[in-house]
Amino acid sequence: MIDRDLITKTVERIREALNRRFEKNAELYISNQDIQKIKNLLWTSSFETIAKWSQMQRYSPEILAKVILKNAWLIQAVSPRKMERLMPVFNNCNPKLFSEIMKEVIENKIDTPLNLVRMLEPLYYDSVEMEKCQQILDNGHNDIKILEICFRRIIKRISFAEELYEEIKKYFGMYPESENIREVDVSHLKTEQQKLFLNTIFKNEIIDSDTDQWGWIDIFNKFGQTAFDLAINYLSGLSEFRNPNQKRVVNLIIARIVNSDENNQLFTKQIVELYEINPSIRFSLTLGLRKIRTRQIAQNLVKEFQEIGIPEGGRIQDVVNEIETGERDELIIQTVDDIFDEINGRPHRHLRYVSRIFMRNERFNTLFGQLFSKNYCNEELIQKFVIEVIKNDGNRLIDIALTHWKKEQKETLRDRLLNLIKEERFGSSNVKEFVFENDFEVYKTIYGRGM
Amino acid sequence: MLSKPPPYFCGIDLGTTNSTVSVIRLESDDPMKKLETRPIYQRDENYRFNKTTEYLPSCIYFDLDNRRVFTGKYAKSIYASGNKPMQTIRSVKTRIGGESLIEVPKINNIEDVQYIDIVQCSALFLKTVRQSLKDQFNQEIDEAVITVPAAFNTDERQATKNAALLAGFRKVEILDEPTATLLYYLNSGGDFLLNDSVNDGYKLVYDIGGGTLDVSIARVLEDSSGDLETDIVARSPRMDLGGDDFDQYLAAYFLSEFEKARKSIEDRTKEDQSQIIARIVSQAEKEKIEMNEAIKQKLHNPRRLETYKRYVDFEVVSGMYIQDLTVTKKILDEIYSDLVSTEIIKPVEQTLKYAELQKEQISEVIITGGMSGYYAVEESLTRFMGANTKLIPIDSVASVSKGAAIHHYNLYYEKLKKIKLKDRMSDDTYIKVGNEFKMFFPRTTEPNTTGTFEYVVPEDGLAEFSVFLYYGINDKPDNLTKLAGKFFPLKQRLKKDQSIHIKWTLDKDKIISIEILELDGKLTIQKDQNYISDEIESNFIQTLEINPV
């Protein structure tokens, strides 16, 4: 007598083994019945179940990604948060296979919800062939995040200092406005090449440059102590301090400790020595102390300077007093005119600084509204300030800003807001409505899928 | 289909277990005399180059280190040994049209894998066939008719067509397997009970292959010219059941008996288990075939049938054997009881229900496919249909490919009998409007028809205008399949409820052209989605040498 239950169970084992026989860890074989189930799960937005299939290794992420994307037209409009639930499937895909699977989505051949496309694009461009990335960088792309990814990948594969410098310079030139593209990591260079690279940018972009090249300065600062030593040595060797570019080097030194929370004795020693060696640097150096975030570090440095001798009276003494007493800290902003007074005639970076302090102001809501309603003598400057303020808390403040904007509808501010939205890609319904009504071309660029 | 006739009319039965190819050479007074099944060149079990075998076992063995691939008997022997589980594959037909991929590592470098899809696998079989014909006729063979199960959906048919294009065929026609069988039967002197007034000409075609089972009920009437007018009145739903399942049930018996005497193989690594199972299943297939022959010889002699015994012996894993395992017909019946009592009859019951017919209204059952000669299938059908229904078995090995070759010939000449199938689109066409799928035009739409669809803008704030078409047989979205579409750039804002008129044309080749009057946009959508030449030429499989001489 045959044990039929045993036969049935054994048949199941055999089928599983036959299905899995091409896999070691995952399952790329999917039955047509299960494809149908996934289609149903997509239509009913049951993304958790699909992700669970992936977690349980019932199917490999690659095959699930393939089925999901081929049937992405079934996905209904859902919130980005809900859409995120599908992401574990894509995040775990083999990059080479994923970029192949994504091709039809990128080429807009499948009606895929735009918020899913936006989530997948960074993954795709992180895995696509390098030639494609190169094309994107050379020809531009609507999405700055994509440019950033491609830039990072291109940079990462260059291992020679000269070539790296030229390549970065090329793209800094092509994308002068983009802050994201200035995030350069050169840690992959070998020590010797790193040193060469550092010397090249120090000479070409800091000492010999006519303007502040913030992208390069950021890269320079990333070299930490090595860059700091290079700057200190350079200044120590100067007999006189007249060139404005040398002041930039002082700023680099200050920048090294501006963001430091530790009272680093090595820095202190080196800065004090520099202060002592070259009297003409003292002025710049002391002014720079104002920027130091940790008051204790600034106070320690002042104490050291005082021991060597600080000139009596004048601006240096004022700064020293501010630092010693800690009274320098916050700007007092009572009115919009206070803001104007603080930012007028100052570099753009100062605008950013004031905007951050402004965010902490007790009267923020009232004053922020007033920025839109009054007619100021220098509207351009105030509008630039508005944009800087919004950047501090974009998703929240853009909606408030648009509500205020509606009252007066100043055209120049409209254009600035549109540019900001284009850059930051805010997606609230207020923002969409504003862009839709005010510039349909921008609307298509941001919320359409033109390549 | 074509204007200038090719030198050879070629029909290919791309089977789950085996493939065959038949050809009719040129035009002649009696094309049936020129109809022949041709050998498919391949390497045999012993790696000898074989030019005589008239079927190609549907097995593949990948040797990617050397950019080689083997199809047929040699690949099957490697599969059966279980020694290269990651490099061998069979039964791809049951997965075609889906998204499955096969991860094939190189043999000497496990890290470097290649992903191969089912269309590519099928293309390797078809490429073997095409190359083989080229070697025999010293001529490129560019056209073919390839058969598929009648229940294959559009995706599965399209995937099969693309496999043929990938294999180098330039013009390909897809034909249902039961139709091919009937065509062969009709032209080779088959004795139909035609125009029988009692039963209204209803025939049931039961097609059981290596992995698929199709049941169709057709009303077949002979017209004045001797051609058959065939109206398919009902079809069974797609069913993945066939010879493979019989192999697996028998293998399950072998494995369970082996494990009773030894330890369970589940303690072993997955690779080991795969190897063992591949060996057992391959042995089961062999035993199934041999036992069937023995049983069929004894069917008319109950006493001999009752005493029939077969002793099974083989090496399961190195040094461990199944020895003297007794199999009788009674044991086989018990092993197969699930399959025989329900599975293989279920689609017959369903199809009768769809056709709103009683089984007594069926005058004949035409039984075909690789498993049609299996004793358990015949017994089971006879038991269900009753002794009065005539069972007509049709040559199961090559009738399908022969029928396909006849169909190819019929596309150019009038000498042979034809089957006139009622031509209708199988699916409705839908358009996505917002989150809804609306009927664009129904499946009853005749070719050369023009119409206008009024697209009502579903919401404010559209950044682009999307026209994507889908097909299916009802408006339940997850039952639909993507056809094609496009995002049209908008020159101006669209407002909710605004009407956009989409003018469409369905031409004689079922190609849909779309014109959006308000947007000045045009789009052509081919109902078929054939691979384009770039996809074909740059495909990875073109870099592989198949069955090197």
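Caption draft 1: Spotlight on the overall build of chain B. Helices and strands together make up the secondary structure of chain B, namely 13 helices and 30 strands. Taking all contacts inside chain B whose residues are at least 6 apart in sequence as the whole, residues at least 24 apart take part in 69%.

Caption draft 2: Fine view of the packing of helix α9 (residues 130–139) of chain A against helix α10 (residues 144–156) of chain A. Residues and elements named next belong to chain A. At a minimum axis distance of 9 Å, the contact between α9 and α10 shows a crossing angle of 125°. Classified by the interaxial angle, the pair formed by α9 and α10 is oblique. Between α9 and α10 lies a crossing of left-handed hand. Taken together, the residues of α10 that come into contact with α9 (itself represented by M130, C133, Q134, I136 and L137) are I146, L147, C150, F151, R153 and I154. Split into classes, the residues belonging to the contact of α9 with α10 amount to nine nonpolar, one polar and one charged.

Caption draft 3: Highlighting the pairing of strand β8 (residues 68–71) of chain B. Residue and element names in this part refer to chain B. In this sheet, β8 lies alongside strand β7 (residues 59–63) in antiparallel orientation, the contact comprising four bridges. Within β8, the residue paired with Y61 across the bridge is F70. Between the end of β7 and the start of β8, which pair antiparallel, lie four residues, with R67 showing a positive phi angle near 55°. Both β8 and strand β30 (residues 545–546) contribute to a ladder of two bridges, which runs parallel. Looking at β30, one finds that V69 is bridged to I546.

Caption draft 4: Representation of unusual backbone geometry in the model. Residue and element names in this part refer to chain A. Notably, S45 is not glycine yet its phi reads approximately 55°, a positive angle. Position of S45 among the secondary structure elements: in the loop between α2 (32–43) and α3 (47–55). Its identity as a non-glycine residue notwithstanding, N108 has a phi of 60°, on the positive side. Under the C-beta neighbour-count criterion, N108 is labelled partly exposed, with 18 such atoms within 10 Å.

Caption draft 5: Here's a closer look at the confidence of the model for chain B. For chain B, the mean per-residue pLDDT works out to 86, and 93% of the residues sit at or above 70. As scored by the predictor, the complex reaches a pTM of 0.68 and an ipTM of 0.77.

Caption draft 6: Main features of the nonpolar core. One finds I68 and F220 of chain A together with C10 and Y61 of chain B to be the most contacted residues of the largest nonpolar core, which totals 252 residues. Those residues in contact with C10 of chain B that sit more than four places away from it in its chain are V21, V23, L133, I141, E143, A144, V145, A405 and H408 of chain B.

Caption draft 7: View of the interface of chain A and chain B. Facing 45 residues of chain A, the contacting portion of chain B comprises 46 residues. For the side of chain A that touches chain B, the leading source of residues is helix α1 (residues 4–20) of chain A, giving eleven residues. Broken down by class, the residue content of the side of chain A that touches chain B amounts to 24 nonpolar, eight polar and 13 charged.

Rules and cut-offs
- Residues numbered from 1 in each chain as written.
- Chains lettered and ligands numbered in written order.
- Predicted model: local features only at pLDDT ≥ 70, side-chain atom pairs only at ≥ 80, totals over all residues.
- Helix = DSSP H or I, 4+ residues; strand = E, 2+ residues; numbered from the N terminus.
- Contact = placed C-beta atoms within 7 Å.
- Axes fitted to C-alpha atoms, helices over the stretch in contact; angles between N-to-C directions.
- Parallel < 35°, antiparallel > 145°, perpendicular 65-115°, else oblique.
- Left-handed = near helix turned anticlockwise from the far one by under 90°.
- Nonpolar A, V, L, I, M, F, W, Y, C, P; charged D, E, K, R; others polar.
- Pairing = 2+ DSSP bridges.
- Buried ≥ 20, exposed ≤ 12 C-beta atoms within 10 Å, placed from the backbone.
- pLDDT = per-residue confidence, 0-100.
- Core = buried A, V, L, I, M, F, W, Y, C linked by C-beta atoms within 7 Å.

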